[in-house]
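Here is how the chains run, residue by residue.
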Amino acid sequence: MWDCGRFATLFYATGYVVGMFVVVPSFYPSAPLLHSLWVGRALLADMTASLVPNAFYCINDSQCVVEYDTTEEGERAFSLSARQNALLRIREIDFSKGRLGSTVWPSSLALGQWLVDSSEAASAELVLELGCGVGLVSVAAALSGAKHVFATDLQAESEAGEGPDGLIENVRHNAHINGVAARVTARPLDWHLESSYLAPCSCDLVVGSDLVYYPENVEPLVHALKHHLAPGGTALLIGPRRAHAAGARSASICDVAALLPTEQVRLANWTLRQTRTEVLELQLLRWSRPSLEDAV
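Computed from a predicted model, the values in this text were never measured in an experiment.

Conventions and cut-offs
- Residues numbered from 1 in each chain as written.
- Predicted model: local features only at pLDDT ≥ 70, side-chain atom pairs only at ≥ 80, totals over all residues.
- Heavy atoms only, no water.
- Helix = DSSP H or I, 4+ residues; strand = E, 2+ residues; numbered from the N terminus.
- Buried < 20%, exposed > 50% of the residue type's maximum accessible area, 1.4 Å probe, protein only.
- Contact = heavy atoms within 4.5 Å.
- Areas by Shrake-Rupley, 256 points an atom, 1.4 Å probe, with all protein chains shown as cover.
- 1 Å grid on protein atoms, 1.4 Å probe; cavity = no way out; pocket = protein on both sides within 12 Å on 5 of 7 lines; lining within 4 Å.
- Points joined across faces, edges and corners; volume = space filled by probe spheres on them.
- Salt bridge = Lys/Arg side-chain N within 4 Å of Asp/Glu carboxyl O.

## So, the overall build of the protein
Tallying secondary structure elements over the protein gives nine helices and eleven strands in all. A total of 296 residues make up the protein; the buried ones form 49% of that total. In the protein, 64% of the contacts between residues at least 6 apart in sequence involve partners at least 24 apart. Carbon and sulfur atoms make up 56% of the accessible area of the protein, which totals about 14,200 Å².

Listed below in structure tokens is the structure:
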């Protein structure tokens, strides 16, 4: 007769083997061994909790975000990191209600994963997310230990012209179902409208994902960054790398970096791999604003 200990050992071993030699190599042939072991352990935990993974997002071929099937209509669930104790649940809404902020964008998974795995959000007193959409990054920052997070976006209007349609309310819902409603404030903020801004220099971490496409939005975004980021604070923006073809009418993270002090800005190239062939090239902008002491 097998005792429980032997059965558990075999069960764990099976999870590791599945992760190492089946799941990870099929999606990410270059994934390192330790990461494969983590995915194997995650899959094992999924089996015991009756969770079904349906997608894997490999960031820089070293970190993995796992997405799971859910029973709630319109809801998606993610494990951003091995450090995450519970799934991050996000409700998406219809495009007619939220426009571009109605869905989870891939860049937000990469930034959310970084915040969960790093200490940047955990050490922040006040985090501001610009263009929060469904609020995934804001919720990730709160789950990572940020004292308070402002999740901001345009309050879109419905196609029927009925005024505010619930985009901000959806962010509040997502904060609530993840248990961080007390530390996430969702509110409208228009980069073009300074009267909608928070107090100047009030945020020690400003984050955003997939924020720029139209060139006319770059200067207002930079103005909002400069207004809100406190001395000694950090801004982290991530978005797709875009080649600037002649006559192209699109902007990228590089255009934002060009309007910030060169010596304070760092750009890093990232990748987000969904399958062997589907790879999203990203850029992460880090703006470190000098403290008042450093500025003297």
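Read on for the rest.
## A few points about the environment of P261
Inspection of the secondary structure assignment puts P261 in the loop between α8 (253–257) and β10 (265–273). The spacing of P261 and R289 is 28 residues in sequence and 9.0 Å in space, taken between C-alpha atoms.

## Quick look at the layout of surface pockets
Empty space within the largest pocket amounts to approximately 780 Å³. Around the largest pocket sit 32 residues that line it, and L100, G101, D153, D210 and L211 are the ones nearest its centre.

## What about the pattern of salt bridges?
Enumeration over the complete set of coordinates arrives at seven salt bridges. In this structure, E75 and R89 form a salt bridge, with 2.9 Å as the shortest nitrogen-oxygen distance. Of this pair, E75 sits in strand β3 (residues 75–79) while R89 sits in strand β4 (residues 88–91), and the two are 14 residues apart along the sequence. Accessibility expressed as a relative area gives 30% for R89, which makes it partly exposed. Residues participating in the shared-partner salt-bridge network are E67, R76 and E92.

## Some points on unusual backbone geometry
Even without being glycine, D61 reaches a positive phi, approximately 55°. Structurally, the position occupied by D61 is in the loop between β1 (53–59) and β2 (63–68). A positive phi angle, close to 50°, is found at D210, a residue other than glycine. With respect to the helices and strands, D210 occurs in the loop between β8 (203–209) and α7 (218–228).

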